[in-house]
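Descriptive analysis of the structure
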Amino acid sequence: QVQVVESGGGLVQSGGSLRLSCVVSGDISRILTMGWYRQAPGKQREPIAVVASTRPTEYNDSVKGRFIASRDYVKNTVDLQMNSLKPEDTAVYYCYSLIENHLSQRDICWGQGTQVTVSS
């Protein structure tokens, strides 16, 4: 079993900042990638930031220069610092992790999601 637990989020005015945190625990041999997706009402879930040890962090064009993802490889956490927030950033944000367990099985694990609302 793998648990993905998010924290942070909430309501903020346009131009403000929020920080999301995520911790992954359980039957994990190694974490291949971690990151964040979001889903706005009526839209598909989209990737926001993907953090892997083998390449630079990848960001959605809509958040480049405003959002920063940081990963702690010891604590198995990934944070998302969101600055200069816009109303169009309003969505449910999901943490995900591509993990490999001790049986060398791979799986994508998701958190429960946390709401971010940006008022104009």
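Look a little higher up for the structure.
Note that the structure is predicted; figures quoted are calculated from it, not measured.

Thresholds applied
Residues numbered from 1 in each chain as written. Predicted model: local features only at pLDDT ≥ 70, side-chain atom pairs only at ≥ 80, totals over all residues. Heavy atoms only, no water. Disulfide = S-S within 2.5 Å. Helix = DSSP H or I, 4+ residues; strand = E, 2+ residues; numbered from the N terminus. Buried < 20%, exposed > 50% of the residue type's maximum accessible area, 1.4 Å probe, protein only. Lys, Arg positive; Asp, Glu negative; His and termini not counted. Salt bridge = Lys/Arg side-chain N within 4 Å of Asp/Glu carboxyl O. Polar contact = N/O pair within 3.5 Å; in protein donor to acceptor, adjacent residues only side chain to side chain. Contact = heavy atoms within 4.5 Å.

Notes on the state of the cysteines
- As enumerated under the stated definition, the model contains one disulfide in all.
- Between the sulfur atoms of Cys22 and its disulfide mate Cys95 the distance is 2.0 Å. Between Cys22 and Cys95 the disulfide shows an S-S torsion of about -80°. By sign, it is left-handed. Taken as a pair, Cys22 in strand S3 (residues 18-26) and Cys95 in strand S9 (residues 91-100) lie far apart in primary sequence, 73 residues in all.
- By relative accessible area, Cys95 is classed as buried at 0%.

Things to note about the side chain of Arg71
- With respect to the secondary-structure elements, Arg71 resides in strand S7 (residues 67-72).
- Despite its burial, Arg71 pairs with no opposite charge, the nearest such side chain being Asp72 at 8.0 Å.
- Among the polar contacts listed, one links the side chain of Arg71 to the backbone oxygen of Ile31, at a separation of 3.0 Å.
- If we ignore the near neighbours within four places in the chain, the residues touching Arg71 are Ile31, Leu32, Thr33, Met34, Val51, Ala52, Ser53, Thr77 and Val78.

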